[in-house]
Every structure is written in structure tokens, then in C-alpha cells.
Amino acid sequence: MKWHGPLRAKVIWISTMRVCVLGAGVIGLTTAWELAERGYDVTILERRREPAAEASFANGAQLSYAFVAPLACPETLHKLPALMLAAGAPIRIRPTYDPEFIRWGLRFLSACNDRMVTETTRAQLALSALSRSVMADLVEGEELSFGLRTVGKIVLHRSRRSFDAGRLQVERQARLQGSSNQQVLTPSQCLELEPALNLSSDEIAGAIYTPSEQVGDCRLFCQELALRLQQRSNVLWALGTHVRRLITRDNRVCAIETSQGVFDTNLVVLTLGAAAAQFARKSGFRLPVYPMKGYSITARFAHKAASLRHSVTDFEQKIVYAPLKENREEVARVAGIADLVGFDGAIDRRRLAGMTRQAAKLLNLDLESDVRPWAGLRPATPDSRPIIGWSPIRNLFLNTGHGALGWTLACGSARQTVQMITGEQLSVNPGWFALERSA
Ligand SMILES: Cc1cc2nc3c(=O)[nH]c(=O)nc-3n(C[C@H](O)[C@H](O)[C@H](O)COP(=O)(O)OP(=O)(O)OC[C@H]3O[C@@H](n4cnc5c(N)ncnc54)[C@H](O)[C@@H]3O)c2cc1C
């Protein structure tokens with residue numbers, strides 16, 4: 001699929017082709033890969049001692065190419081007070097006078113309308129289709145092994161209202177794509193399809209099933225890709241390197257000041273995840289990216305209990321369940337919660353316990369031994385779309401703000417980034433993801 005719109009990518013001519021990628025999460029690694037493949041000399045600067053140590057570490061494991069609807073929608077607006085106030089609510093907001101958060105919140109509220117939901121769905125579907133095909137080529141070409149499986153995804157709706165909204169979204173996507181492989185299931189069809197669910201048919205209103213959805217371990221994917229990057233002569237690693245600031249001249253970055261010294265560069269790609277906005281502010285411009293904290297646990301199934309066959313989303317609880325294989329054993333990755341509590345990445349035991357309780361109701365999990373808890377900060381934008389495009393600084397490119405879909409959209413975002421940098425024909429309309437959106 002190619003996009004033939006009026007906007008063309010800005011072409012940057014680089015004499016030495018030295019590019020610095022800031023951050024080695026899934027977005028930085030896929031970007032570095034695409035750049036290295038085109039022959040650029042790439043330096044990866046990462047503050048942690050290993051790649052994928054932050055948001056890409058133990059996420060929900062879903063390659064959720066068909067479930068791209070934004071969090072900002074009329075339904076969320078309607079439920080927001082209940083979502084925030086109920087004990088164990090899936091969303092929590094810590095009140096703050098932080099102007100960045102207030103600005104972000106106002107943009108979020110103004111995105112809660114049908115027109116924006118349609119625009120975002122259209123944009124995300126295009127990017128996720130690109131991602132899927134780039135990922136498939138990468139997996140095959142490089143023989144990456146990270147537990148990738150096409151298991152299909154079931155989205156459970158507990159209330160009639162939510163189910164109706166889910167069906168409307170299926171129709172919207174079918175209209176936008178011209179076809180659909182999503183199926184609407186009755187409660188009994190859903191429970192027949194996924195016997196591991198501890199539910200009776202009167203506890204759900206219905207479900208949406210997409211057979212083509214995939215799961216896998218994002219951290220393993222990152223490690224595999226990092227290994228391939230280490231084998232390349234045109235990639236330099238600077239792990240344990242904290243990027244402090246950009247050194248600019250005539251509105252161009254000429255060098256980067258870090259904890260390990262100064263790196264010269266011709267071109268910079270910013271892939272700093274949840275830290276992107278703070279870094280942008282230091283560099284003199286604003287990014288609408290705010291940390292949205294989420295949690296996961298990885299647990300075994302109880303002895304003799306049925307393990308999960310599909311990936312499952314409990315829509316109203318905002319919890320996702322993925323079947324993963326670890327050392328030939330089936331485990332469940334359970335992820336959820338969306339807390340706007342600033343940059344505090346610590347595990348709040350009560351929040352984790354609430355999610356774990358919900359998980360234990362839905363699946364027969366062994367919660368007595370070897371449960372691995374984790375928390376990470378999603379780099380969230382108000383409209384849920386990533387920012388892929390040029391910054392106000394001439395040779396600084398942005399690929400960040402992927403929110404709840406960073407792994408799903410990583411390969412497509414990296415391809416779009418490199419197409420824009422090199423001036424190739426673009427696969428996706430760049431206006432949809434520009435810092436100043438045209439939508
Ligand atoms: C609970 C949870 C569940 C999720 N589930 C899914 C899912 O099922 N499917 C999906 O597609 N997505 C999911 N996501 C979203 C996805 O994990 C993220 O969108 C993605 O990991 C973001 O990648 P990133 O590379 O932008 O950020 P990160 O992985 O956070 O990478 C940014 C990197 O920048 C580095 N960095 C920051 N500041 C500096 C600095 N000053 N100097 C040097 N380095 C710096 C950090 O150390 C980090 O390594 C989930 C997220 C969470 C939290």
C-alpha cells in the first residue's frame with residue numbers, strides 16, 4: 001500500500017550519513033534497524049545498560065493490528081467519572097497543576113468525539129497494516145524468535161452499551177478498510193471459542209473476534225533485534241549513556257551532550273518514550289506526550305487448568321490477556337491499568353492487587369508461585385496517535401508517543417520514519433502523525 005498525497009517528505013542530504021537514535025526501546029531499535037538497512041551509520045544512545053528496559057520490557061504482548069481505536073472517545077468521556085472514582089477503577093488520575101498535564105488533558109477531552117475517533121482509526125489502521133507487513137518480512141528475513149503466534153483476539157464486552165459501541169467500531173473499520181475479518185460473537189459462541197474463561201454467558205453481552213491478531217514477547221523481540229544490530233558494522237552502541245541535551249547551531253543539532261561525552265551527529269531521531277516531552281522542552285519545543293502508567297503480571301496456569309488459546313481483552317476492565325510460551329510452558333501475560341500519575345514508575349501494590357484479582361476471576365492462574373509483576377510508562381498522546389515527523393529543529397526527527405500500541409506500530413513507524421528521512425515515497429499520509437496534526 002502506498003500513499004500518494006500532496007505532501008512530500010523533506011529530504012535531508014547527509015554527507016557522512018551519521019545518525020544518532022536516542023533511546024533503545026522497541027521504537028528506537030526498529031528505527032535503528034531500518035536506518036542501518038539503508039546504509040546509514042547509526043549510533044544508539046541509551047541510558048540503561050540494556051535495550052528495552054523500560055516500557056518495552058513486559059508489556060501486554062499483543063500485536064493488536066485491528067484494535068486501534070483511541071482511548072479518547074465519546075464512550076470514555078461518558079464513563080470518565082465512574083472510571084476514575086470506582087475502587088479498583090482501570091483509570092486513575094492524580095490531580096496536579098502541572099501545565100503540561102492540563103494542556104494534555106484538555107486536548108484529550110477535545111479528542112473525545114466521533115470525527116476524531118474516525119480520523120484516528122483511519123490513521124492507525126494504515127500504520128498498523130504497514131507495521132504488520134514490515135514485521136512479517138523482518139521475522140522471516142532475520143529468523144527472529146520471540147514466541148510470535150497468530151492466536152486471534154477476543155474482545156469481551158460486559159455491558160450492552162459497551163458491546164454496541166464495539167459493534168459500531170467494527171462497522172466503522174469495515175467502512176474505512178472496505179472489508180472486515182472481524183466477527184461479532186454471542187456470549188455462548190465466545191465461551192465455546194475460549195474455554196479457559198471463567199464466565200457464564202449472562203456475565204457478558206457479547207464479543208468481537210479477530211482471527212488474525214498475534215501475540216509474542218516484546219522484550220525478546222527487542223533482544224533478538226538488538227543482537228542483529230550488534231552484528232552490523234554500521235551500528236555503534238552507547239548503552240549506559242544518559243542524553244543530557246542537544247547542542248544546536250542555526251537551528252540544527254550538531255552534537256549531543258551525554259553522560260559519556262559529546263557525540264557529533266548529522267541527524268537525530270528522538271525515540272525516548274515517556275521521557276520525550278521533558279527532553280523536547282529542554283530543547284525548546286513542546287510534545288504532547290504524557291506518561292500513562294500500566295502494570296503487568298506473568299503467571300502460570302493452575303495445575304490441570306485449561307490454558308488460554310486466544311488473546312483476550314476485557315474491554316470495560318481495560319485488561320488484556322495473552323498466552324505466551326516460556327521454556328515450552330504456557331503462561332499468561334496479564335496487562336492493564338491506565339494511571340496518569342506523572343513520572344512515578346514504581347509498582348503501587350494496591351493497584352497491582354486490584355488487577356490481579358480481576359485476572360484471577362477470569363482465568364485459573366497459579367498465583368502462589370513465580371508471579372512476575374511489572375510496571376511501565378506508556379508514552380501517551382491525547383489522541384492516541386504517535387508523532388512521526390520533523391520537529392521544529394531542522395535535523396531532529398520525532399518517532400514517539402505510541403501509547404498503548406507501541407509494539408504493534410513499531411515496525412510501521414520505523415519504516416515511515418526512514419521513508420520521510422530519505423525522501424522515498426511514503427506508505428502512510430504523514431499529516432496524520434505530524435506534530436501539528438492536520439486532522
Ligand atoms: C502495561 C503496558 C502494556 C502494554 N501492552 C502493549 C501491547 O500489548 N501491545 C502493544 O503494542 N503495546 C503495548 N504497550 C505499549 C508499548 O509497550 C509502548 O508503547 C512501547 O514500549 C514504547 O516504546 P518506546 O521505545 O517509545 O519507549 P521505551 O521502551 O520506554 O523506550 C524509551 C527508551 O529511551 C530511554 N531514555 C529515556 N530518556 C533517556 C535519556 N535522557 N538518555 C538516554 N536514554 C533515554 C529509556 O531508557 C528507554 O529505554 C503497553 C505498555 C504498557 C505500559
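Report on the accompanying structure. (Residues numbered from 1 in each chain as written. Predicted model: local features only at pLDDT ≥ 70, side-chain atom pairs only at ≥ 80, totals over all residues. Heavy atoms only, no water.)

1. Points about the sheet that holds strand β11 (residues 243-249)
Working definition: the strands of a sheet are paired by backbone hydrogen bonds and lie parallel or antiparallel to each other.
Then, number 1: Here we have three strands laid out as an open sheet, ordered β11-β12-β13, and antiparallel in their pairing. Strand pairing shows two members of the sheet lacking a second neighbour, β11 and β13 (261-264), which therefore form its edges. For this sheet the average axis-to-axis angle between neighbouring strands, irrespective of direction, equals 30 degrees.
Then, number 2: Pairing of β11 with strand β12 (residues 252-258) involves six bridges; the strand directions are antiparallel. Note that in β12 the partner of Arg 249 across the bridge is Arg 252. (Pairing = 2+ DSSP bridges. Helix = DSSP H or I, 4+ residues; strand = E, 2+ residues; numbered from the N terminus. Axes fitted to C-alpha atoms, helices over the stretch in contact; angles between N-to-C directions.)

2. Points about the sheet that holds strand β2 (residues 41-45)
Then, number 1: Strands sit in the order β10-β2-β1-β14-β22-β21 across an open sheet of six strands; the sheet is mixed. The two strands at the open ends of the sheet, each matched to only one other strand, are β10 (235-238) and β21 (387-390). Between one strand axis and the next, the sheet turns by 15 degrees as a mean value, whatever way the strands run.
Then, number 2: Packing of helix α10 (residues 406-422) onto the sheet brings it into contact with β14 (267-270), β21 and β22 (396-400), and relative to β21 it is tilted by some 10 degrees. (Contact = heavy atoms within 4.5 Å.)

3. Observations concerning unusual backbone geometry
Then, number 1: Within the chain, Lys 304 stands out as a residue other than glycine whose phi angle is a positive 65 degrees.
Then, number 2: One can find Lys 304 in the loop between β15 (290-301) and β16 (311-314).
Then, number 3: Although it is not a glycine, Arg 328 adopts a positive phi angle of roughly 65 degrees.
Then, number 4: Examined against the element boundaries, Arg 328 turns out to sit in the loop between β17 (319-326) and β18 (329-340).
Then, number 5: The exposed category is assigned to Arg 328, whose relative accessible area is 81%. (Buried < 20%, exposed > 50% of the residue type's maximum accessible area, 1.4 Å probe, protein only.)

4. Notes on the side chain of Arg 172
Then, number 1: When you line up the elements, Arg 172 lands in helix α5 (residues 160-177).
Then, number 2: Residue classification places Arg 172 among the buried residues on the basis of a relative accessible area of 13%.
Then, number 3: Reaching out from Arg 172, the side chain makes a polar contact with the side chain of Asp 114 at a distance of 3.5 Å.
Then, number 4: Excluding residues within four positions of it along the chain, Arg 172 makes contact with Asp 114, Val 117, Thr 118 and Thr 121. (Polar contact = N/O pair within 3.5 Å; in protein donor to acceptor, adjacent residues only side chain to side chain.)

5. Examining a nonpolar patch on the surface
Then, number 1: Together, Leu 77, Tyr 97, Ile 102, Leu 106 and Leu 109 line one region of the surface with nonpolar side chains, adding up to about 560 Å² of accessible area.
Then, number 2: Positionally, Leu 106 belongs in helix α3 (residues 99-110). (Patch = residues over 30% accessible without salt bridge, like charges linked within 9 Å, V, L, I, M, F, W, Y side chains within 5 Å. Areas by Shrake-Rupley, 256 points an atom, 1.4 Å probe, with all protein chains shown as cover. Salt bridge = Lys/Arg side-chain N within 4 Å of Asp/Glu carboxyl O.)

6. Here we look at helix α7 (residues 218-230)
Then, number 1: Under the 1.5 Å per step criterion, the end-to-end length of α7 is 18 Å for 13 residues, consistent within 8% with the ideal 18 Å.
Then, number 2: Looking at α7, one finds that the buried residues are Cys 218, Phe 221, Cys 222, Glu 224, Leu 225, Ala 226, Arg 228 and Leu 229.
Then, number 3: Its buried side turned inward, α7 meets α1 (26-37), β2, α4 (114-142), β10 and α10.
Then, number 4: In this structure Asp 217 caps α7, since a side-chain oxygen of it lies 2.9 Å from the backbone nitrogen of Arg 219. (Expected span 1.5 Å × (residues − 1).)

7. Quick word on the packing of aromatic side chains
What characterises a pair of aromatic rings is the spacing of the ring centres plus the angle enclosed by the ring planes.
Then, number 1: Within the structure shown, the criterion is met by eight aromatic pairs.
Then, number 2: Arranged with centres 5.6 Å apart and planes meeting at 15 degrees, the rings of Trp 104 and Phe 108 form a pair that is stacked. Within this pair, Trp 104 and its partner Phe 108 are both found in helix α3, separated by four residues, close to a single helical turn.
Then, number 3: Residue Trp 104 is classed as buried on the basis of its relative accessible area of 4%.
Then, number 4: With a centroid separation of 5.0 Å and 85 degrees between ring planes, the pair formed by Trp 390 and Phe 397 is classed as edge-to-face.
Then, number 5: Look at Trp 390 and you get buried, because its relative accessible area is 15%.
Then, number 6: An aromatic cluster is defined as three or more aromatic residues linked by ring pairs; in this entry it consists of Phe 101, Trp 104, Phe 108 and Tyr 290.
Then, number 7: Across the ring face of Phe 163, the terminal group of Arg 167 is positioned such that the distance to the ring centre comes to 4.6 Å.
Then, number 8: Stacked on the ring of Phe 315, the Lys or Arg Lys 318 has its end atom at 4.4 Å from the ring centre. (Phe/Tyr/Trp six-rings, centres within 6.5 Å; stacked < 30°, edge-to-face > 60°. Lys NZ or Arg CZ within 6 Å of the ring centre and 35° of its normal.)

8. A few points about the site of the ligand
Then, number 1: As a structural note, the neighbourhood of the ligand is formed by 35 residues, with Glu 46, Ser 56, Gly 60, Gly 403 and Thr 408 the closest of them.
Then, number 2: Contact between the ligand and Gly 406: an oxygen atom at 3.1 Å from a main-chain N or O atom of the residue.
Then, number 3: Taking 1,000 Å² as the accessible area of the ligand by itself, protein coverage stands at 97%.
Then, number 4: Among the elements of the structure, α1, β15, β20 (372-380) and α10 are those that each provide at least two residues to the shell around the ligand.
Then, number 5: Its residues assigned to classes, the shell around the ligand shows 15 nonpolar, 15 polar and five charged. (Near = heavy atom within 4 Å. Nonpolar A, V, L, I, M, F, W, Y, C, P; charged D, E, K, R; others polar.)

9. Re the environment of Leu 365
Then, number 1: Among the structural elements, Leu 365 can be located in strand β19 (residues 365-366).
Then, number 2: With sequence-adjacent residues up to four places away left out, Leu 365 is seen in contact with Arg 300, Phe 301, Ala 302, Ala 332, Val 334 and Ala 359.

10. Description of the pattern of salt bridges
Two side chains with opposite charge may pair up if their charged atoms get near one another.
Then, number 1: This model, assessed by the stated rule, comprises 33 salt bridges.
Then, number 2: Here Glu 37 makes a salt bridge to Arg 232, at a shortest N to O gap of 2.6 Å. Here Arg 232 lies in the loop between α7 and β10 and Glu 37 lies in helix α1, a separation of 195 residues in the sequence.
Then, number 3: A salt bridge links Arg 437 to Asp 383; the shortest N-O distance between them is 2.9 Å. On the criterion of sequence distance, the pair formed by Arg 437 in the segment after α10 and Asp 383 in the loop between β20 and β21 is long-range, its members being 54 residues apart.
Then, number 4: Residue Asp 383 is classed as buried on the basis of its relative accessible area of 8%.
Then, number 5: Beyond isolated ion pairs, a larger network of salt bridges with shared partners links Arg 300, Glu 326, Glu 329, Asp 370 and Arg 372.

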